[in-house]
Structures are given as structure tokens and as C-alpha cells.
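Structure assessment
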Amino acid sequence: MTQSPVPAAAPNYNRTMIACFVGYITQAVINNYMPLLFVTFAATLGIDMARLSALITVNFITQLVVDVLAGRFVDRIGYKPCIIAAHVSAAAGLLVLGLVPTRVSDPYWAILVAILLYALGGGLIEVMVSPIVEACPSEHKAKAMSLLHSFYCWGQLGTVVISTLFLWAFGTGTWPMLACLWAIVPLVGIVMFWSAPMPRIVPEGVATMRLVDLAAKPVFYLLFVMMLCAGAAEQGMSQWASTFAETGLGVTKVVGDLAGPAAFALMMGLSRTIYGILGHKLNLRAFIAGSSMLCVATYLTAALTTSPVLGLVACALTGFSVGIMWPGTFSLGADAMPGGGTLMFALFAVAGDLGCAGGPAVVGFIAAANGNNLKAGLLFGSIFAVILLVCVLIVRRASVATASSHD
């Protein structure tokens, strides 16, 4: 009598999920460590402000180009080799930053190479970890997505706090050593992804959508605009938070950074973590709509209040209000277009990055046009939250109508 084969055990995706969390911490490190060194670079390496600004531009453009191209090559090559290569590139960039600039005649070009390497890795990580987490089996995918994105916030806070304390304790001249130590984070990601199972990104039996298929879906345009406004609302306040704190309260830069961008990141992380824990009890569309209303209120409060303290509270609460927008829109997209796959997530990442670049620029331009009045810029910036609210209400109404028709 022949025995029936024993079915293979289902893969355990917990390691995959944790590896994705490490991926977002890696992205937080590569995006937030080097800007802390700008004053040091200017003083010790002789790099002027114009060339420092160019480094920021190179980082953004490289990640944006990767976002655009990833939808074409990631599915062809495979997720595991691409996500491992992303972490290798990020680690290589941090090691180049730590080992090369102080050993060459012109450190600027070494720093530029380091940025190109880790921005390539960061762009790939941004595009890939969200669809991986979305594809991992879980009871409440929106919870997992929100928790994933919270790790970027905690990674940002950790990078700033640990780096500040390290450089204070051991001296600013130890920044190359710290860059090499930060490379441990992507190295951990490589080890974890190497042995982690990789889920099927597009569900079995669902056709992978092409660009023309996505373009035929009206909901795609709504979600694209939501991602654009999510990035603009987030960075429109975050990038100006330190300046707002310093000009509003007249405090030092250290206190301003803690009261401004650090408090903003803390509240954004709290928002994502709360939904990551309690999301099964909350309606995602209602949570995004409520957050959008709060975002409008905090922008208007920051712009119109005469109280500096109230303005700073509004600034911090803006971080809470925008926390769910980016991961929440990803989850709505995956639910509405399950065949969207890598291409959909890559296009949403492009929209978010464009918003992150355009939001602060618009706020700054309006402020400059009104006699460098930052409150005027923030008042105009509230339009990002208003548009986001309108879009999510349309999406919510469409989902209710679809559910009713099915009944």
C-alpha cells in the first residue's frame, strides 16, 4: 500500500516581513545620515553650499529614475536577486562614504559616487518592500503596510539621535567610522533576505496588469493624485519644520530640529504604528479621510495662529495626520488593482517622490513671493490636504457603490 506524499509545509514569511522592516531602516539611514554632515563637509572638506545642494538633487533624481525603471526590470530579473542587490548597493555606498573621501585629493567626487550607489539601493528598496509585504499572507494587509512604513520613521529618528550622540561623544572627525558602522544595517538586510522565502507578488490566477491596463482604470488616477498630495503634504511641512521652529520661537538649531522635524517624524511614526496594531478595528478609508481633515486643520492652524507654541503643536500633529496616507494609498491600490504588481507600486512611488520634491518647493516659492512669510506658504500648502481629502472621499463613495451593487 503506497503512502500519499506528505504536503510541504507552508513557508513562514515572518522573516521576510522583518527583512522588509530592516529595508526601510536602511533607506532611513541613507536618506538622513549624510545631511547631518553638511556643516562638517563645508568646514573640513571645503565643499560649498552650492555643491552640497547638488548632492541632495543627485540623491533625489537617482531614486526617482530607479522608481521609473524598476517596473520594467524587477519582474524580469526576480524579486530576491533585486532586493539583495539593493542592499548590497546601499552598503557599498555607505562604505565608500566612510572609506574614500578622506583618502583622495577631491573628496567631493567620492561622496558623489557614494550617493549614486546608495541612492540606487534606496530607490529599489522603496519600490520593492511594499509589494513584498502586501504579497505576504496576513489577516490584515493594511495593518502590515502601515507597520512597515512606520519603520522608516523610527529609522529616521534613530539615525538622527544615534548619529548626533556618537559624533558628540567621539568628535565630528569620526563621521567616516560612523558611516561604516551604519553599513551594518543593509548587511543585516542582505543576510535576512538571502534565507527568507519570497511571496508571489501578483496573486495566482490574477493577470499582471500592464501600463495600458492601469491607465484604463479611473481609480488609478485618483490614487496617483493621492500619492502626489501625500508626499507634498508630508514634506511641505516636514522640510520647513526646523525653520518654522527657529523663526517662530527664536530657539537654537538643535532645539529647533527637536521641536520641528524630530517631533514631526515621531508623530508620523506613532500614526503608522497605531494603525499597524489596531488596523483590524479601523476602516482604512475612514482613517485616511479623518487624517486628511486633521491635515487641513493643522496646516491652517500653523499658518493662521499667532501662538508659536500652538504653531509647533500643529506642525507635530501634521506628522500624525500624514502618517497613514502613503501606506494607506498603497493598500487601497493593491485592493482595487490586485494585478498591479511592481509597475503599480513603482508608479505610486514616482508620484510620492514628485510630491515630496514639489511640496516644499511650492511652500517655499509662495513664502518668498510674500516677503519670505512662511505662514503664507503653509496656508497655500493646505491645498494638498484638501485635494487628498476630496480624492479619498471619491474613492470611498465608489467603494460603497460597488459593494451595494454586489449586494
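Residues numbered from 1 in each chain as written. Predicted model: local features only at pLDDT ≥ 70, side-chain atom pairs only at ≥ 80, totals over all residues. Heavy atoms only, no water.

1. Some remarks on the packing of aromatic side chains
- Tallied over the full model, the rule gives eleven aromatic pairs.
- Both rings, one in Phe166 and one in Phe170, keep their centres 4.8 Å apart while their planes meet at 50°; by these two values the pair is tilted. Of this pair, Phe166 and Phe170 both sit in helix α6 (residues 141-170), four residues apart, which is roughly one turn of that helix.
- Looking at Phe170, the relative accessible area reads 58%, which means it is exposed.
- One residue, Arg51, lies across the ring of Tyr108, its end atom 4.4 Å from the ring centre. (Phe/Tyr/Trp six-rings, centres within 6.5 Å; stacked < 30°, edge-to-face > 60°. Helix = DSSP H or I, 4+ residues; strand = E, 2+ residues; numbered from the N terminus. Buried < 20%, exposed > 50% of the residue type's maximum accessible area, 1.4 Å probe, protein only. Lys NZ or Arg CZ within 6 Å of the ring centre and 35° of its normal.)

2. Some words on the environment of Met237
- Residue position: Met237 is located in helix α10 (residues 218-238).
- Sequence-wise, Met237 and Pro261 are 24 residues apart; in three dimensions their C-alpha atoms are separated by 8.8 Å.
- Residues within four places of Met237 in sequence aside, it is in contact with Phe264, Tyr299, Ala302, Cys315, Thr318 and Leu378. (Contact = heavy atoms within 4.5 Å.)

3. A word on the environment of Ile366
- Residue position: Ile366 is located in helix α16 (residues 341-369).
- Placed ten residues apart in sequence, Ile366 and Ala376 show a C-alpha to C-alpha distance of 6.6 Å.
- If sequence neighbours within four positions are ignored, Ile366 has contacts with Ala376, Gly377 and Phe380.

4. Brief notes about the confidence of the model for the protein
- Per-residue pLDDT for the protein averages 84, and the proportion of residues at 70 or more is 90%.
- Predicted confidence is poor over residues 402-407, with pLDDT under 50, and the contacts of this stretch with residues over four places away or in other chains come to zero contacts. (pLDDT = per-residue confidence, 0-100.)

5. Side note on the side chain of Gln27
- Mapped onto the elements, Gln27 comes out in helix α1 (residues 14-32).
- A distance of 3.4 Å separates the side chain of Gln27 from the backbone oxygen of Gly122, its partner in a polar contact.
- Beyond its immediate chain neighbours, meaning those up to four positions away, Gln27 contacts Gln63, Gly122, Glu126 and Tyr152. (Polar contact = N/O pair within 3.5 Å; in protein donor to acceptor, adjacent residues only side chain to side chain.)

6. A look at the state of the cysteines
- Across all of its chains, the model carries zero disulfides by this definition.
- You can see Cys391 has no disulfide; the closest cysteine sulfur is in Cys229, sitting 6.1 Å from it.
- A relative accessible area of 7% places Cys391 in the buried class. (Disulfide = S-S within 2.5 Å.)

7. Digging into the nonpolar core
- Formed by 114 residues in total, the largest nonpolar core has its most connected members in Phe41, Leu97 and Met226.
- When we break this core down by domain, the ones giving at least three residues each are domain 1 (11-201) and domain 2 (203-402). (Core = buried A, V, L, I, M, F, W, Y, C linked by side-chain atoms within 4.5 Å. Domains from an automatic or database assignment.)

8. Regarding a nonpolar patch on the surface
- Among the surface-exposed residues, Val362, Phe380, Ile383, Val386, Ile387, Val390 and Ile394 lie close enough to one another that they form a single nonpolar patch of about 510 Å² accessible area.
- With six residues, helix α17 (residues 374-406) is the single largest residue contributor to the nonpolar patch.
- Position of Phe380 among the secondary structure elements: in helix α17.
- Residue classification places Phe380 among the partly exposed positions, given a relative accessible area of 40%. (Patch = residues over 30% accessible without salt bridge, like charges linked within 9 Å, V, L, I, M, F, W, Y side chains within 5 Å. Areas by Shrake-Rupley, 256 points an atom, 1.4 Å probe, with all protein chains shown as cover. Salt bridge = Lys/Arg side-chain N within 4 Å of Asp/Glu carboxyl O.)

9. Brief notes about the side chain of Thr16
- Position of Thr16 among the secondary structure elements: in helix α1.
- Once you skip the residues sitting within four places of it in the chain, Thr16 turns out to touch Ile132, Cys136, Phe193, Ala196, Pro197 and Pro199.

10. Some thoughts on the pattern of salt bridges
- Counted according to the given criterion, the structure contains three salt bridges.
- Between Arg210 and Asp213 there is a salt bridge, and its shortest N-O distance comes to 3.4 Å.

11. Description of the packing of α10 against helix α14 (residues 308-322)
- One way to put it is that α10 packs onto α14 with a least axis distance of 10 Å and a crossing angle of 160°. Judged by the inter-axis angle, α10 sits roughly antiparallel to α14. Considering only the axes of α10 and α14, their crossing is left-handed. Seen from α10, the contacting residues are Ala233, Glu234 and Met237; seen from α14, they are Cys315, Thr318 and Val322.
- Grouping the amino acids of the contact of α10 with α14 by side-chain chemistry returns four nonpolar, one polar and one charged. (Axes fitted to C-alpha atoms, helices over the stretch in contact; angles between N-to-C directions. Parallel < 35°, antiparallel > 145°, perpendicular 65-115°, else oblique. Left-handed = near helix turned anticlockwise from the far one by under 90°. Nonpolar A, V, L, I, M, F, W, Y, C, P; charged D, E, K, R; others polar.)

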